[in-house]
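# Summary of structural features
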Amino acid sequence: MSQQRTEGTDVTDLPTDLTRATAADLADALASKTISSVEVTRAHLDRIAAVDGQVHSYLHVDTDGALAQARAIDERRQSGERLGPLAGVPIAVKDVMTTKGVPTTCGSRILEGWVPPYDATVVTKLREAGLPILGKTNMDEFAMGSSTEHSAYGPSHNPWDLDRIPGGSGGGSSSVLASFQAPLATGTDTGGSIRQPAAVTATVGTKPTYGGVSRYGLVALASSLDQAGPCGRTVLDTALLHAVMGGHDPMDSTSIDAPVPPVVEAARAADVRGMRIGVVKELGGEGYQPGVRARFDESVALLEELGAEVVEVSCPNFEYALAAYYLILPSEASSNLAKFDAMRYGMRVLPEGVDAPSAEQVMAATRDAGFGDEVKRRIILGTYALSSGYYDAYYGSAQKVRALIAQDFDAAYAKVDVLVSPTAPTTAFKLGDKLEDPMAMYLNDIATIPANLAGVPGMSVPSGLADEDGLPAGIQILAPATKDERLYSVGAALEKALVDRWGGPILDRAPELGGAAAAKGA
Ligand code: GLN
């Protein structure tokens, strides 16, 4: 059970169970010394011990490290030091981010046992801002996937229904939030891995503008598409984390040298009056589940009621986004993953029956044993697309399509301030349903991929529950590059309207662990 908070508190709106509080409310209570970071961190560690056996959100829980950081931040606060806005609020970190002294596997066997000697810049920023790191969250191997089923350590489960996927690749981070095992989490989004997991769990996630958050210390998937970003249960919480994670980093040559956009201010103002919102014609209709579409249409109508002007916008080249992505991503991934050569990190396998194996034989045996099927599939695809004689036909054409998609965005943003679509075409599907059909798995990201190809920011906000299955759906908001704050204006306004429409946060309607605890009589 969670720790009870200090008696005599004057923070009346903080729930007794601290794991149910928003990060913003925890931050206020910490700042006023109503609660301590040790108390908040303990409450979450207790929750993890009680439920993660069923959800499997974490690959590693750093109990001692988290409590030590919490203690240190409490001491600094007691001594009167001025601390950042999220100081003392614990967080879960996706296992794609290196953490000094804490294992980092990226969901792969090939990195099993690797303990990085350095922190990713994002992690350094979290530590400097005083957020205790609870542990590392599960993910599809090397962030390839939409369900966490490609994790070498077994899938995470959707807290709404434990037989369903929590999205991917960042399903550990989404399920951590939806099962109240952390108030905040980090993610990376190369084709949708922050936004799609948020959509299927009724949580919030942002892919910032490319270069808005440092990539230094992230295990690279496709470097021209990868973007780290914040995950939370509310739009304001997500904004507070975005402000901590973002900003220029000289260690990342593609990092934007400008201040973080005013995301927190935008989330607090929650104002869409006079904003022009474009509904993307190509991202909807056929292939999208009726309940997902209904919640999307309803959200758009709410935004119109709040004073936004809504128009339909066509982005004709989005049709080719998935095809271009599945040439560009494997190409870059095949190159990035070449470094796992059995010499530098993690696992080393000696080929059987070979007396004095060559370096190549050791590499081949290690990569065969260490990489899962999806990773091998993409490496083969990527090396083929990049091979001499095919480069222009495949990689070159895909890059041209990428330019056309960026032009579609430019043309759209000449007319509107933001674009919207459903985040994912369906609600959470059953574990196992799409595992044998890579195309079906890839189609999950049909609406999220264009933003990665063009480098523009995107966010997923819960839009409600689909009538046919009672599961969460998400609405995606997209903005022009560097205008990330617009996501938060629209997201926060819609979130408020939907809290009225549903009589509270949508996540509050989730049965405790998909009803599993109740079913077992627990
Ligand atoms: N699901 C997509 C893929 O498998 C996106 C992955 C990601 O964003 N990391 O490539």
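Residues numbered from 1 in each chain as written. Predicted model: local features only at pLDDT ≥ 70, side-chain atom pairs only at ≥ 80, totals over all residues. Heavy atoms only, no water.

As a structural note, the neighbourhood of the ligand is formed by 16 residues, with Thr190, Gly191, Ser193, Tyr325 and Asp445 the closest of them. Backbone polar atom of Thr190 to an oxygen atom of the ligand: 2.8 Å apart, as the coordinates give it. Between the ligand and Gly192, the relevant distance is 3.3 Å, taken from an oxygen atom to a main-chain nitrogen or oxygen of the residue. Coverage of the ligand by the protein amounts to 100% of the 290 Å² it exposes when considered alone. Cavity membership is defined here by more than half of the atoms lying within 2 Å of grid points; on that basis the ligand lies in the largest cavity. The dominant element in the shell around the ligand, judged by the number of residues it contributes, is helix α10 (residues 321–336), at three residues. Grouping the constituent residues of the shell around the ligand by class yields six nonpolar, seven polar and three charged. (Near = heavy atom within 4 Å. Polar contact = N/O pair within 3.5 Å; in protein donor to acceptor, adjacent residues only side chain to side chain. Areas by Shrake-Rupley, 256 points an atom, 1.4 Å probe, with all protein chains shown as cover. 1 Å grid on protein atoms, 1.4 Å probe; cavity = no way out; pocket = protein on both sides within 12 Å on 5 of 7 lines; lining within 4 Å. Sits in = over half its atoms within 2 Å of the grid points. Helix = DSSP H or I, 4+ residues; strand = E, 2+ residues; numbered from the N terminus. Nonpolar A, V, L, I, M, F, W, Y, C, P; charged D, E, K, R; others polar.)

So, on to α10. The α-helix advances 3.6 residues per turn, and as a result positions three or four apart in sequence lie on the same side. Spanning 16 residues, α10 covers 22 Å between terminal C-alpha atoms, matching the ideal 22 Å at 1.5 Å per step. Counting buried positions along α10 gives 14 out of 16 residues, so the element sits mostly inside the fold. (Expected span 1.5 Å × (residues − 1). Buried < 20%, exposed > 50% of the residue type's maximum accessible area, 1.4 Å probe, protein only.)

This part takes up the UniProt feature "domain: Amidase" (unreviewed entry) in the chain. Sequence positions flagged by UniProt for "domain: Amidase" (unreviewed entry) are, in local numbering, residues 39–487. Structurally, residues 39–487 comprises 37% helix and 13% strand, and the distance from its first C-alpha atom to its last is 33 Å. (UniProt positions renumbered as here; feature names shortened; annotations may be inferred.)

Turning our eyes to something else, we now look at the pattern of salt bridges. One side chain can pair with another of opposite charge once the charged atoms of both are near each other. Applying the stated criterion across every chain yields a total of 18 salt bridges. Here Glu512 ties to Arg20 by a salt bridge, and the two come within 3.8 Å at their closest N and O atoms. Of this pair, Glu512 sits in the loop between α16 (485–502) and α17 (516–519) while Arg20 sits in the segment before α1 (23–31); the two residues are 492 residues apart in sequence, bridging distant segments of the chain. Given a relative accessible area of 38%, Arg20 falls into the partly exposed group. Asp341 is paired through a salt bridge with Arg344; the nearest N and O atoms lie 3.1 Å apart. (Salt bridge = Lys/Arg side-chain N within 4 Å of Asp/Glu carboxyl O.)

Per-residue pLDDT for the chain has a mean of 95; in total, 96% of the residues score no lower than 70. α17 is the least confidently modelled element of the chain, averaging 53 in pLDDT, while strand β2 (residues 91–94) averages 99, the highest of any element. Taken as a whole, residues 1–10 scores under 50 in pLDDT and shows 23 contacts with residues more than four places along the chain or in a different chain. (pLDDT = per-residue confidence, 0-100. Contact = heavy atoms within 4.5 Å.)

Tracing the backbone shows Lys136 in strand β3 (residues 133–137). Polar contacts involving the side chain of Lys136 include one to the side chain of Asp95, which spans 3.0 Å. Ignoring any residue separated from it by four or fewer positions in sequence, one finds Lys136 in contact with Ser57, Tyr58, Leu59, His60, Val93, Lys94, Asp95, Met97, Thr99, Val102, Pro103 and Thr104.

What follows deals with empty space enclosed by the protein. In total, this model carries five cavities of 30 Å³ or more according to the counting rule given. If you go around the largest cavity, you meet 14 residues; those closest to its centre are Ala143, Gly145, Ser193, Tyr325 and Asp445. Among the elements of the structure, α10 and α14 (438–442) are those that each provide at least two residues to the lining of the largest cavity. Approximately 50 Å³ is the volume attributed to the second largest cavity. What lines the second largest cavity is a set of 13 residues, and nearest its centre among them are Gly170, Ser174, Ile194, Pro197 and Cys231. Of all elements in the fold, only α5 (171–178), α6 (195–201) and β5 (204–207) reach the threshold of two or more residues within the lining of the second largest cavity. (Points joined across faces, edges and corners; volume = space filled by probe spheres on them.)

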